[in-house]
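# Breakdown of the fold
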Amino acid sequence: MITETRMIEYPSEPDTPRSHLPFSPSTKFGDLIFVSGQASVDATGQIISDTFEGEMRRSMENMRKVLETAGSDFKHVLQTRNYVQDPADIPLFNKLYREYFSEPFPARTTITNCLGAALRYEVECIAIAKPKA
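No experiment lies behind these values; they were computed from the predicted model shown.

## With respect to the nonpolar core
Membership of the largest hydrophobic core comes to 22 residues, with the highest contact counts inside it found for Met 56, Met 60, Met 63, Leu 67, Phe 74, Phe 101 and Tyr 121. Looking at this core, the elements with two or more residues in it are β3 (32–39), α1 (52–69), β4 (77–84), α2 (90–100) and β6 (121–128). It is α1 that contributes the most residues to this core, six residues altogether. When near neighbours in sequence (up to four residues on either side) are disregarded, Tyr 121 contacts Ala 39, Ser 40, Phe 52, Glu 55, Met 56, Ser 59, Met 60, Asn 82, Tyr 83, Val 84, Phe 93 and Leu 115. The next biggest cluster of nonpolar side chains, apart from the first, holds five residues, and it includes Ala 39, Val 41, Tyr 83 and Leu 115.

Following this line, the structure appears as structure tokens:
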């Protein structure tokens, strides 16, 4: 019989973006990190409405903070899931995405027409922890 001795961790720091909703910013199991959806919110989880570019950048920076807290970064992202409200924003999304990720790109899913009126963009990811130096 195999017994699992690793535990699920919930990495968090005082400046980790949080939501008032019932979910953790990320969970970590071994070297795998699962980052919850990051949207254009402030540190208390309040939505900050903006242009598509402003919301995407804020969402990506929130994801960067969550990844760093969990011991990772954009270079160690395996997969992203992206939610874009307006399909007309896809060309800009692809342009901005290249500022955060480069070849070889992580696996990616992008869904449109899926967010409520309050958000233009949301992103989540699966990453691995950076190797310890």
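## Details of the sheet that holds strand β2 (residues 26–29)
Read across the open sheet, the six strands follow the order β1-β2-β3-β6-β4-β5; overall the sheet is mixed. Unpaired on one side and paired on the other, β1 (8–9) and β5 (107–112) mark the two borders of the sheet. In this sheet, β2 lies alongside β1 in antiparallel orientation, the contact comprising two bridges. By the bridge assignment for β2, Ile 8 is matched with Phe 29. Strand contacts of α2: β4, β5 and β6, with the helix running at about 155° to β5, the strand carrying the most contacts.

Conventions we followed
Residues numbered from 1 in each chain as written. Predicted model: local features only at pLDDT ≥ 70, side-chain atom pairs only at ≥ 80, totals over all residues. Heavy atoms only, no water. Core = buried A, V, L, I, M, F, W, Y, C linked by side-chain atoms within 4.5 Å. Buried < 20%, exposed > 50% of the residue type's maximum accessible area, 1.4 Å probe, protein only. Helix = DSSP H or I, 4+ residues; strand = E, 2+ residues; numbered from the N terminus. Contact = heavy atoms within 4.5 Å. Pairing = 2+ DSSP bridges. Axes fitted to C-alpha atoms, helices over the stretch in contact; angles between N-to-C directions.

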